[in-house]
Every structure is written in structure tokens, then in C-alpha cells.
Amino acid sequence: METKTGDKIIKRKLVQILKALANEKRLKLLDVIKKNPEASICEISRVANINYKTTSAYLRKLAAAGIIIFSANKSRIRGGVNKNVKEVIRAIQLFDRRK
């Protein structure tokens, strides 16, 4: 019984991650963060050419999914993109290249 519960939790988390990644602008933000893991929200917004309010909302969604990590003051990204999620992104990119 515990295995089914654990599997359900893992599946829910995977769905949350995939939904967060299923947006071109959020992927653009991830590219900016990969290049500058310590960037502020203002810097990310400017480089990605996405308004601050939208950038902030998208970053919250990415953080809620565990894809990125905000610092304590919530205005800077700390550590960039989660290593485990980087593997998911690479797998998706490899899958896409097979076409």
C-alpha cells in the first residue's frame, strides 16, 4: 500500500514539474538562470525581455515545482536550476531531437 502512495506522490510531482516546464517563456527564464544562477528577478526579467510581474509569477511557479531555488530574501535565484530537473530537461531535449 505504501508503494502505491509513494508512486502517487512521485507522479504528482512529475506532473507539477512538466506543467511548469510546458511554457516557452518559463523555458526562456531557465536559460537565463542557467547562464547566471545568481541573477536577480529584475536582471532575469530584463535579459529575457519579459515584464517583471510575469517573470516573478513564472519564477514562483518554477520554484513551487522545485525547479529553481530562491534565496532567503526572495529577490535572487540561489544555485540556479535544480540538478535533478536538469536531467529531465536534457531527456526532453534528446527526445525532441529524435524527430
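Rules behind the numbers
- Residues numbered from 1 in each chain as written.
- Predicted model: local features only at pLDDT ≥ 70, side-chain atom pairs only at ≥ 80, totals over all residues.
- Heavy atoms only, no water.
- Helix = DSSP H or I, 4+ residues; strand = E, 2+ residues; numbered from the N terminus.
- Buried < 20%, exposed > 50% of the residue type's maximum accessible area, 1.4 Å probe, protein only.
- Contact = heavy atoms within 4.5 Å.
- Areas by Shrake-Rupley, 256 points an atom, 1.4 Å probe, with all protein chains shown as cover.
- Lys, Arg positive; Asp, Glu negative; His and termini not counted.
- Charge placed at Lys NZ, Arg CZ, Asp CG, Glu CD.
- pLDDT = per-residue confidence, 0-100.
- Phe/Tyr/Trp six-rings, centres within 6.5 Å; stacked < 30°, edge-to-face > 60°.
- Lys NZ or Arg CZ within 6 Å of the ring centre and 35° of its normal.
- Expected span 1.5 Å × (residues − 1).
- Polar contact = N/O pair within 3.5 Å; in protein donor to acceptor, adjacent residues only side chain to side chain.

Section: the overall build of the protein chain
Looking only at helices and strands, one finds five helices and two strands in the protein chain. If you list the helices and strands of the protein chain from N to C, you get α-α-α-α-β-β-α. Expressed along its principal axes, the backbone C-alpha trace of the protein chain runs to roughly 45 × 40 × 20 Å. Considering the protein chain as a whole, with its 99 residues, one finds that 31% of them fall into the buried category. Restricting the contact set of the protein chain to residue pairs at least 6 apart, pairs at least 24 apart contribute 55%. For the protein chain, the accessible area works out to roughly 7,200 Å², and carbon and sulfur atoms hold 55% of it. A gap of 5 Å separates the mean positions of the 24 positive and 8 negative side-chain charges of the protein chain.

Quick notes on unusual backbone geometry
Phi at Asn49 takes a positive value of approximately 60 degrees, unusual for a residue other than glycine. Mapped onto the secondary structure, Asn49 falls in the loop between helix H3 (41-48) and helix H4 (52-64). Owing to a relative accessible area of 67%, Asn49 belongs among the exposed residues under this scheme.

A word on the confidence of the model for the protein chain
Here the protein chain shows a mean pLDDT of 84. Residues at 70 or above account for 91%. Here strand S2 (residues 77-81) stands out as the least confident element of the protein chain, with mean pLDDT 76; H3 is the most confident, with 94.

Observations regarding the packing of aromatic side chains
The final tally for this structure, using the stated rule, is zero aromatic pairs. The cationic tip of Arg26 hangs over the ring face of Tyr58; the distance from NZ or CZ to the ring centre is 5.0 Å.

Focus on helix H2 (residues 24-35)
Counted at 1.5 Å a residue, the expected span for H2 with its twelve residues is 16 Å, and the 17 Å between its end C-alpha atoms agrees. N-capping of H2 is provided by Asn23, with a side-chain oxygen placed 2.8 Å from the backbone N of Lys25.

Digging into the environment of Val85
Summarising the element assignment, Val85 is placed in helix H5 (residues 83-97). Spatially, the C-alpha atoms of Val85 and Arg12 are 15 Å apart, while their sequence positions differ by 73 residues. Ignoring anything within four residues of it in the chain, the contact list for Val85 reads Ile17, Leu21, Gly66 and Ile67.

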